[in-house]
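# Observations on chain architecture
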Amino acid sequence: MSKAVLTGEFFLSGGAACVEGAIAAGCRFYAGYPITPSSEIAERMSRRLPQVGGHYLQMEDEPGSLAAVLGASWGHCQVMTATSGPGFSLMQENLGLAVMTETPCVIVDVQRGGPSTGLPTLTSQADMMQAKWGSHGDYELIAYAPQSPQEMFDLTFKAFNMAEKFRTPVLVMSDKIVSQMVERVLIPAEKQIKRVERRRPDRAAQANGAEVLVPPMACAGEGFAIHVTGLTHDERGYPAINVETQQRLIGRLRGKILQNGAEIIEYEERDLEGARIVVVAYGSTARSALLACRLARQRGLEVGLLRLITVWPFPAERIKALRAEALIVPECNQGQMVREVERFATCPVRPVSQAGGELLAPESILKAIEEVAQIG
Amino acid sequence: MAETTMTRSGKGAIRLPSRPGAHPEDTLLRAERLPHIWCPGCGIGPALGAYVEALQESEVPLKQQVIVSGIGCTGRSAGYVNIDSFHTTHGRAIPFATGMKIANPDLKITVFSGDGDLFAIGGNHFIHAARRNIDLNVICINNFNYGMTGGQLGPTTPPEALTSTSPYGHEEESFNLPYLAACAGAVFVARWTSLHFLQLKRAIRHAMQKEGFTFIEVLSPCPPGFGGPNSLGEGLDQMRWYKEKATINPQANLETIGLELGDAKIVLGDFVDRERPSYLARQQLLAQRARGN
Ligand code: SF4
């Protein structure tokens, strides 16, 4: 049997690194439907999973793919699917079911330009709001924005741990560039890897009736006669269609993410100390932003970079605490996360947008920095 | 609680609680969730009863038995059975169950859902599950309409039938479900009505013993959604109608057993019973190849 953790140093595409991160984390079930530019992930999964005792299942469509993923999670497997915009749209239905039934799962969205069939296959970051608001109803989930093949490994790995820990869907909001570029990827040694598993039912703990934000998870076939429903339900899992139950359930489902923000939210800071201008960027665009900030600093401008690693839940407190004179938010879309930055910023915010299709050029960001610096 | 044991017609012991008012299926139903939501005269209850008795008689321990439903009146069935039970999204019970079965092949999974759920929004999943011969038992309660949403036409509504969205009669042909299932590859295909309790239970028991994808259609009265508008009367009248029109013919040519309003006979039976390599059997074989690499 081939190894689950391919310890070593490799040149891997982001998609390949994503697969290795998933398998290292314990992923043993993948269901999906081919769509460019995510198909490399499916192809490598179909080769790798059977080698480590896992299962690859190609479904007839994306609603079925995510449904199968959720069913397998309740069959006590660590599970994942990958897709791109059009498929991500079709998965919103069962994304809601995953939230409501607290089913651990990982969904990788390799973003391409939209709406509709859009730009097959040129890059974009235009699914960032869909990631948070795409399924109906009020909910919170976790979404990461990797900027490199190394992070496709690291954050996919982490996505599995967080999905298990918080019993939630976790999204890896990749894009065509990050997923298809090839870079050096370090895969750690087996003994350095820390896997988190879902909390198992413990009747004694349940009996003391303490309220928990993340309940333990009994799976099918374990003798608990569980009931799982997408309806509003009480602590036993039984439907209860009334205001109080809805309030309690939705409060807890949102609370388990929002109240654990300190553990979930990650970002990277560069030169924020004393920065008059801060660029807030994520994903592939953060690579351009890094170069733009370096060039601006060489020209004597006091610029810092805040790179969002977790995009949902949004790092509101960190944005509020920024003591800059202006924020610049470059994105490969028409201005999505910039709205969130504006909600919490204490200074003017300037978007740098494009319609998708190519990496946002460092020059565009540098130009914005220089313009903002002049106004200041 | 004191219990007495009674043997029923050589089918093995069933335990009857001595408490007055208790029901032999109390332990298999989530009694605390009753009363159920179904209308008087609805046929879902008897069909679920047949499933529950089949569970009781099955050699597979209850711990390994799972029921998965979609959305709709029949979709609520999962919520009343006291085993691992999943009430999923509309049309997605089959793919959900598919993932679960592959993740844990020890489970015996029954998808128990309605005609609209399984054959309109979920139709694509049905034909693909039958094609891949995934080891699932699908029981479809066919009441010829969308009951829960108020009696609209669906993929099984017969031509010319009246529903709340076909006020002048339905223009379309309906699916012939046993024929569809057989063509798509199911290894066991049956049709009964919720009146034919024993035959239905036997068919479910048999399906549970098969490897691969099985399908049982259960014709079922829906007085408010279909019986009323089409002058078929109340639940009991519809049961009587089934009794009069039913003919049992396991050898029937499936192409000819589509359902219509009017005088034609309703053909029932265990129509298909064949062997084909199941998904899991084939997967186990190929997995060895992968591990050898
Ligand atoms: S509407 Fe029809 S199918 Fe639904 S519960 Fe009533 S009788 Fe049964």
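These lines cover the structure that appears in this document, whether it is placed above or below. (Residues numbered from 1 in each chain as written. Chains lettered and ligands numbered in written order. Predicted model: local features only at pLDDT ≥ 70, side-chain atom pairs only at ≥ 80, totals over all residues. Heavy atoms only, no water.)

### A closer look at empty space enclosed by the protein
All names here are of chain B.
- Under the defined criterion, the tally for this structure stands at five cavities of 30 Å³ or more.
- The space that makes up the second largest cavity amounts to roughly 60 Å³.
- Lining the second largest cavity, in full, are Phe144, Pro158, Phe226, Trp241, Leu259, Glu260, Leu261 and Ile266.
- Here the lining of the second largest cavity is built from residues that sort into seven nonpolar, no polar and one charged. (1 Å grid on protein atoms, 1.4 Å probe; cavity = no way out; pocket = protein on both sides within 12 Å on 5 of 7 lines; lining within 4 Å. Points joined across faces, edges and corners; volume = space filled by probe spheres on them. Nonpolar A, V, L, I, M, F, W, Y, C, P; charged D, E, K, R; others polar.)

### Quick word on the sheet that holds strand 12 (residues 277-282) of chain A
Residues and elements named next belong to chain A.
- With mixed pairing, the five strands of this open sheet are ordered in space as 11-13-12-15-16. Looking at strand neighbours, the two that pair on one side only are strand 11 (267-270) and strand 16 (349-353), the edges of this open sheet. When the angles between neighbouring strand axes are averaged without regard to direction, this sheet yields 20°.
- As paired strands, strand 12 and strand 13 (residues 303-308) are joined by six bridges and run parallel to one another. In the strand pairing of strand 13, Val280 is matched with Leu306. (Pairing = 2+ DSSP bridges. Helix = DSSP H or I, 4+ residues; strand = E, 2+ residues; numbered from the N terminus. Axes fitted to C-alpha atoms, helices over the stretch in contact; angles between N-to-C directions.)

### Things to note about the interface of chain A and chain B
- Contact residues are listed per partner, giving 41 residues for chain A and 35 residues for chain B.
- For the pair chain A and chain B, the summed buried area comes to about 3,100 Å², and 59% of that belongs to carbon and sulfur atoms.
- Remark: the boundary between chain A and chain B carries two salt bridges.
- Linking Arg132 of chain B and Glu60 of chain A is a salt bridge whose minimum nitrogen-to-oxygen distance equals 2.9 Å.
- Between the two partners, chain A and chain B, sit 19 residue pairs in polar contact (both at pLDDT 80 or more). (Contact = heavy atoms within 4.5 Å. Buried area = accessible area lost by both parts, 1.4 Å probe. Salt bridge = Lys/Arg side-chain N within 4 Å of Asp/Glu carboxyl O. Polar contact = N/O pair within 3.5 Å; in protein donor to acceptor, adjacent residues only side chain to side chain.)

In short, the description is geometric, and any link to function would need to be established separately.
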